[in-house]
Amino acid sequence: MAYTTSSHKLLFRQLFEKESSTYTYLLADVSHPDKPALLIDPVDKTVERDLSLVKELGLKLIYAMNTHVHADHVTGTGLIKTKVPGVKSVISKASNSKADVLIDAGDKIHFGDLFLEVRPTPGHTLGCVTYVTGDGSDQPQPRMAFTGDAVLIRGCGRTDFQGGSSLQLYKSVHSQIFTLPKDTLIYPAHDYKGFTVSTVGEEMLYNPRLTKDEEGFKNIMENLNLPYPKMIDIAVPANLVCGLQDLSAKPVEATSK
């Protein structure tokens with residue numbers, strides 16, 4: 001991998017699901033006695049692989065999180081909950097989806113002594129968030145941003161369905177992601193060309209869409225002429241209930257700001 005993060009505490013793995021070209025991310029605090037871990041954007045088809053790795057590494061999975069309600073695959077969060085007792089599903093309150101923990105701007109997701117900060121980045125969908133590793137000397141350096149479909153490597157998510165808005169996405173990225181330190185590592189939810197990681201500084205310079213002004217960006221996004229997502233009619237209804245989410249579970253809100 002071209003970039004690494006220096007932290008004696010953080011265990012990090014980038015995993016790939018080839019059918020939807022989705023990245024799932026495993027993070028854990030291995031300096032903590034429990035080795036608490038979380039998965040970002042798990043896919044139902046690769047749950048067994050992911051859980052096998054968690055077990056192999058001796059980790060305790062506590063959160064299964066989504067950056068947004070996906071349209072191209074069914075999330076693995078519900079399935080994970082049926083296989084690992086105590087795991088909590090996480091998604092943004094703005095997504096109007098079911099989960100154990102409904103997060104909002106500024107919330108922090110703690111795992112051991114590490115945490116992820118929630119930044120709202122709507123535009124691809126209404127409920128998109130970016131998870132960013134904590135700011136501080138005891139947190140991984142450089143910082144890492146899990147951008148979902150808001151920022152892809154040299155691209156961005158489409159804005160023509162699920163409450164998408166090109167102007168909202170443009171403002172989200174420029175206010176919430178491009179304001180991070182330039183060496184912040186960008187880890188997207190997908191890549192279709194074999195790239196694995198970028199940085200904020202790189203995307204600010206080389207992203208062919210997001211380097212344009214607002215009007216130029218809007219024109220690009222309105223003329224993509226992309227086909228209707230083949231999985232959307234199956235994926236979105238399932239993902240609104242976290243795949244196999246137990247509807248009797250009462251959601252709680254993240255409390256630590």
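Residues numbered from 1 in each chain as written. Predicted model: local features only at pLDDT ≥ 70, side-chain atom pairs only at ≥ 80, totals over all residues. Heavy atoms only, no water.

Peer 1: Go over the sheet that holds strand β11 (residues 185-188) with me, naming the residues and quoting the values.
Peer 2: Spatially, β7-β8-β9-β10-β11-β12 is the arrangement adopted by the 6 strands of the open sheet, whose pairing is mixed. Two strands close off the open sheet at either side, each with one partner strand: β7 (108-111) and β12 (198-199). Inspection of the sheet shows β11 paired to β12 by 2 bridges, in the antiparallel sense. Looking across to β12, one finds that Ile 186 is bridged to Ser 198. Against the sheet, helix α3 (residues 166-177) touches β8 (114-120), β9 (129-133), β10 (144-148) and β11, its axis set at about 145° to β8. (Pairing = 2+ DSSP bridges. Helix = DSSP H or I, 4+ residues; strand = E, 2+ residues; numbered from the N terminus. Contact = heavy atoms within 4.5 Å. Axes fitted to C-alpha atoms, helices over the stretch in contact; angles between N-to-C directions.)

Peer 1: Which residues make up the packing of aromatic side chains, and what values go with them?
Peer 2: As enumerated under the stated definition, the model contains 9 aromatic pairs in all. Measuring from centroid to centroid gives 5.6 Å for Phe 146 and Tyr 187, while their planes differ by 20°, and the two rings are stacked. With Phe 146 in strand β10 and Tyr 187 in strand β11, this residue pair connects regions lying 41 residues apart in the sequence. Assigned by exposure class, Phe 146 and Tyr 187 land together as buried. Among the aromatic side chains, those forming a connected cluster through ring pairs are Phe 12, Phe 16, Tyr 23, Tyr 25, Phe 146 and Tyr 187. (Phe/Tyr/Trp six-rings, centres within 6.5 Å; stacked < 30°, edge-to-face > 60°. Buried < 20%, exposed > 50% of the residue type's maximum accessible area, 1.4 Å probe, protein only.)

Peer 1: So, the packing of α3 against helix α5 (residues 214-222): which residues are in play, and what are the values?
Peer 2: For the pair α3 and α5, the least separation of the axes is 9 Å and the interaxial angle reads 130°. Taken together, α3 and α5 sit at an angle that is classed as oblique. As for how α3 packs across α5, the hand of that crossing is right-handed. Here Ser 166, Leu 167, Leu 169, Tyr 170 and Lys 171 of α3 lie close against α5, whose contacting residues are Glu 214, Phe 217, Lys 218 and Met 221. Of the residues assigned to the contact of α3 with α5, the class counts are 5 nonpolar, 1 polar and 3 charged. (Parallel < 35°, antiparallel > 145°, perpendicular 65-115°, else oblique. Left-handed = near helix turned anticlockwise from the far one by under 90°. Nonpolar A, V, L, I, M, F, W, Y, C, P; charged D, E, K, R; others polar.)

Peer 1: A description of the nonpolar core should follow, citing residues and the corresponding values.
Peer 2: Among the nonpolar cores identified, the biggest contains 25 residues, and Leu 27, Leu 116, Tyr 131 and Phe 146 are the most heavily contacted of them. For Leu 27, the residues in contact, after removing those within four places along its chain, are Leu 10, Leu 11, Phe 12, Pro 36, Ala 37, Leu 38, Ile 40, Phe 111, Leu 116, Thr 133 and Phe 146. (Core = buried A, V, L, I, M, F, W, Y, C linked by side-chain atoms within 4.5 Å.)

Peer 1: Explain unusual backbone geometry to me, using residue names and the numbers behind them.
Peer 2: Negative phi is the rule for most residues except glycine; trans is the rule for most peptide bonds. The peptide bond linking Gln 141 to Pro 142 adopts the cis configuration, its omega dihedral lying at -10°. Of note, Pro 142 is situated in the loop between β9 and β10. In the Ramachandran plot, Lys 35 falls in the positive-phi region, its phi being about 50° despite a non-glycine side chain. Tracing the backbone shows Lys 35 in the loop between β2 (22-29) and β3 (36-40). Of the residues examined, Lys 35 reaches a relative accessible area of 30% and is grouped as partly exposed.

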